[in-house]
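Listed here are the chains, written in short residue letters.
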Amino acid sequence: MEIIGSQRKPVHIDVVPTLPLYRSAPPLEVRLEDFELYAMDRLRVLKGIADGLSRGKKSEEMKNLADHLWKANMRHLDASEVVNKDIISHFVLRLVYSRTEDLRKWFLSMETNLFRYRLLFERPEAQRALMAEFDLPYRAASNAELESVKEGLKQVAQSFGQPLAADVIFYKVPFEEVPELVAGRRVFIHKGYAYVAMNQVVSLVATQFRSHLSKALILTNRKWTSTIREQEKDRLTPIVEALCSSYLGPDYSQPREFAEISIKDIDQIAKSSFPLCMRHLFEKLREDHHLKHGGRMQLGLFLKGVGLKLEDALAFWKAEFSQRVGSERFDKEYAYSIRHNYGREGKRTDYTPYSCQKIITSAPGVGDHHGCPYRHFSEENLRAALGKMGLSNRAVEDVMDKVRNRHYQLACTLTFEAVHGTSCDAGINHPNQYFSDSQKVLQSKNQSTV
Amino acid sequence: MTKEEIENGTADMEIDQREPLNGERSELNAVPDDFNANYLKVYYGKLFPHADIFKWMSYGNDGKHPGCDESYFGRREFSFTLDNDIYLRFQSFNSASKLENSIKEKCPFKVDIGPVYSVDPAKRHAYAQSGNNVFTPVEKELVFDIDMTDYDDVRYCCSGADVCLKCWTLMTIAIKVIDPALRDDFGFNHILWVYSGRRGVHCWVCDAKARRLTNEQRSSIAEYFRVYKGNENSQKKVSLISSALHPFLLRSYKVLEEFFEGNLLSNQSLFSTEERYEKILEMIPDESITSELRGKWQDNKKSSISKENINVDRWKHVKKILKSGKQKPQGLGKCVEEIVFSFSYPRLDMEVSKHMNHLLKAPFCIHPKTGRVCVPIDPNRCEEFDPTAVPTLSKLLEEINMGGLGTDDDEWDRTSLGKSIRFFRSSFLQPLLKSCKEEIENSYNAKLQHSKTSLTW
């Protein structure tokens, strides 16, 4: 790829399949401005996908979300430029995200997800063309072949509870190429060939994509550190480095009293000091402008424990809920229970914020976001959420290990330690403890750097 | 006594005064049942099919065709277990005679076959120095090992090292389930089943495609065959999804059911005592059903049903009640099948199959504890196989003695081993070599063609 000044030359591109595979930087010329802009547009798509995953969206939702994000951000006035934008933005982000292991991990994960969702939207012919690109020369089984193995295919589909759809496409693949499907008896095998259904093939292709990209990122990193960074130090390097840190958000650097918080600081504090359970609720509230009862209790009491005064709490919840239900309805239906939580209504019991034990044993249902993420999130969503909190690969694996062994509080403790870079010997057993410990750490850090 | 036997001192055994075991054996020929180095020496000298093993392991690379890889045989690892447990690994030989002489000289109690490596195993240290890790397995047959001791919890006739015709049925079942799957599902053709010498069977899949499988691919095949998961600590060890079975399991079930109902039920007396039927009742996750059955059977003790029918009858009760649909809660859907699978489905040693560098005992070895030869088994007639009738070392030596003076070659043909070696050659070795030669020729011609076309511009 050649980065040029402000002139633009028309470019001849070879025919590519609809989904580019980013095998190698194509001989395109890019304007400097586009270099940054294209990358930022793509970043919005990837970030949107990351958010969707951490919020626990299911496959079908994610597919549509990815499609929506792509259409919203990756368009171009000039139709012929759409593919260029796709390719260029990918390669620019490769530079940005190849530089540390955490960045590579995040980029690899989001790009593979994006690829997978886009692949699912492609026409079968395009999907087949892509398979060929990956040296997955799977031949679609002919009708005659399918007829002869029809009974077996039906039985296999039934064996994992999915009746065979009428016109599903099957690919005839040497069994050696699909070991996971063979091991799980998820395919019909005959005379050395496995009959792989379309949706199974998509997974295989995505896996190949991921493995190619993973190797490419390492190479890119080497090239970056050895030559490009120095060569481009006056031109591209500052852009590349800025792209990365602008994504991570501003530093939290103001010393605060941890006894009280005010709503104007609450977003920053949520990011830096809330445990994952509260962070999730908080973000959901910001996004949906609503939380169901369980979530209101868990988050509301937590905020009380954190030092949010009643007046501030009312203002905070009202600001959110009125966007959804209107301020009148808020006053009528929700304000009461907030005052109730603070002991100003009814029995006048001053309710205590929930402990980890209570939260872990709760049972969030459809539409709920309370509970303990380490217990209640799927592995995929939890990994995404932890990644978003800034945990390294190694730390995520350690946390997941605790989760698998059902030590949810230990998992949260490890997260705390990873986020704050200190050890937490006491272990986390209350969300408010997480918060106050976090504030202590941050405060002492800030004092020492002043 | 042959001249040779007098000269190498093996004549001693014939002077023994032991009681002949049957009237027909004359004292002159009788050989006491035993396993020792002297006997083995005769075996390796006259009976062990060295040339056939060499031909097999060469896979057509005998140097007769320009496309042959002359280094191939020399890169195969053999290992010898000698007397007093000395174990020699990474033995390699670059010719048939070197292999034969080494076996005759060292007289190993066991010969194992390992993988073909990237370089001659004897030279592996030289290559390790370079740090590129170029000493690595490149080919190995796909193998399976099924051992009777893995079935101890479902056989009552024997336990541990013992084996009889009754429990041997389990091995027959294993062959009848795995062999068709290897051929029909995976498309393999060159498959050798071998008696392990005591209480199990080995399977060698020798197609080129099989030899080149990676560990991951081998693992996937082993997993495809795995149904039994668990150990003494888990309650239910066979867990089939309630909805429907994979076609492989469906096909296998037909075989399992046939043998379970037609053979195992009675031969193992699966329901004849309380302890035994409780074991089966444990597999039914419905209290009301198990108490109903228990009640019925406790009453039956007093009735006059003959012992043979009691197992068949009680199994009928179980099937009827489980399939009746009276109460159809979750978990009962495939209960009958789970019971049948538990008692009869093959139990493979997963580790043996998964790794390319696993060493497995060579066919035609003698098992030190039983003296029996590890003979091939015909999968098409495996119901007829009788482990208790397999030739032993002493029997073979007797037969040699009875044969008197003869030519050195083909002495095996006049013994009970003859049948096995002939079977090995005709049904396994010859088709395999034919296919290998074709492959060597084809790939050689393809290379020629390619170099021709690439030179033309």
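Residues numbered from 1 in each chain as written. Chains lettered and ligands numbered in written order. Predicted model: local features only at pLDDT ≥ 70, side-chain atom pairs only at ≥ 80, totals over all residues. Heavy atoms only, no water.

K.L.:
Is there a simple way to think about the state of the cysteines in this case?
P.N.:
A covalent bond bridging the sulfur atoms of two cysteines is what the word disulfide describes. Tallying each qualifying case throughout the model produces zero disulfides over all chains. Sulfur of Cys277(A): no disulfide; nearest cysteine sulfur belongs to Cys412(A) and is 6.4 Å away. Of all cysteine sulfurs in the structure, the one in Cys203(B) sits closest to Cys206(B), which takes part in no disulfide; the separation is 8.3 Å. (Disulfide = S-S within 2.5 Å.)

K.L.:
Just to check I follow, could you spell out the pattern of salt bridges for this structure?
P.N.:
Pairs can form between side chains of opposite charge whenever their charged atoms are close. A full pass over the atoms with the stated rule returns 53 salt bridges over all chains. Across the pair Glu145(A) and Lys172(A) runs a salt bridge whose closest N-O atoms are separated by 2.9 Å. With Glu145(A) in helix α6 (residues 143-159) and Lys172(A) in strand β4 (residues 170-174), this residue pair connects regions lying 27 residues apart in the sequence. The same class applies to Glu145(A) and to Lys172(A), which are both buried. Residues Arg212(B) and Glu139(B) are paired through a salt bridge, measuring 3.5 Å at the closest nitrogen-oxygen approach. Residue Arg212(B) is located in the loop between α7 (208-211) and α8 (215-225), and its partner Glu139(B) is located in strand β4 (residues 137-139); the two are separated by 73 residues in the primary sequence. Judged by its relative accessible area of 45%, Arg212(B) is partly exposed. Owing to a relative accessible area of 10%, Glu139(B) belongs among the buried residues under this scheme. Three or more residues joined by partner-sharing salt bridges are found here, namely Arg42(A), Asp86(A), Glu111(A) and Arg118(A). (Salt bridge = Lys/Arg side-chain N within 4 Å of Asp/Glu carboxyl O. Helix = DSSP H or I, 4+ residues; strand = E, 2+ residues; numbered from the N terminus. Buried < 20%, exposed > 50% of the residue type's maximum accessible area, 1.4 Å probe, protein only.)

K.L.:
I would appreciate a short explanation of the nonpolar core in the present structure.
P.N.:
With 191 residues, the main nonpolar core has Ile49(A), Tyr43(B), Trp56(B), Phe188(B) and Phe225(B) as its most contacted residues. Top element by residues in this core is helix α6 (residues 165-185) of chain B. It accounts for 11 residues. Look past the residues within four positions of Phe225(B) in its chain and what remains in contact with it is Arg185(A), Phe144(B), Ile178(B), Ala181(B), Leu182(B), Phe186(B), Phe248(B), Tyr345(B) and Leu348(B). Judged by nonpolar contacts, the second largest core, of 55 residues, contains Ile261(A), Ala335(A), Ile360(A) and Tyr434(A). (Core = buried A, V, L, I, M, F, W, Y, C linked by side-chain atoms within 4.5 Å. Contact = heavy atoms within 4.5 Å.)

K.L.:
For this particular structure, what's the right way to read the interface of chain A and chain B?
P.N.:
Size of an interface, as often reported, equals the accessible area lost when the parts are brought together. Every contact between the two is made by 19 residues of chain A and, on the other side, 26 residues of chain B. Between chain A and chain B the total buried area reaches about 1800 Å² when both faces are included, carbon and sulfur atoms providing 60% of it. On the chain A side of the interface with chain B, the three residues burying the most area are Phe175(A), Glu176(A) and Arg185(A), jointly 36% of the side's total. For the pair chain A and chain B, the interface holds two salt bridges. For Lys209(B), the salt bridge goes to Glu176(A), with nearest N and O atoms at 3.8 Å. Inspection of the chain A/chain B interface yields eight residue pairs in polar contact (both at pLDDT 80 or more). Counting residues per element, the side of chain A that touches chain B draws most heavily on α6(A), which supplies five residues. Grouping the amino acids of the side of chain A that touches chain B by side-chain chemistry returns nine nonpolar, seven polar and three charged. (Buried area = accessible area lost by both parts, 1.4 Å probe. Polar contact = N/O pair within 3.5 Å; in protein donor to acceptor, adjacent residues only side chain to side chain. Nonpolar A, V, L, I, M, F, W, Y, C, P; charged D, E, K, R; others polar.)

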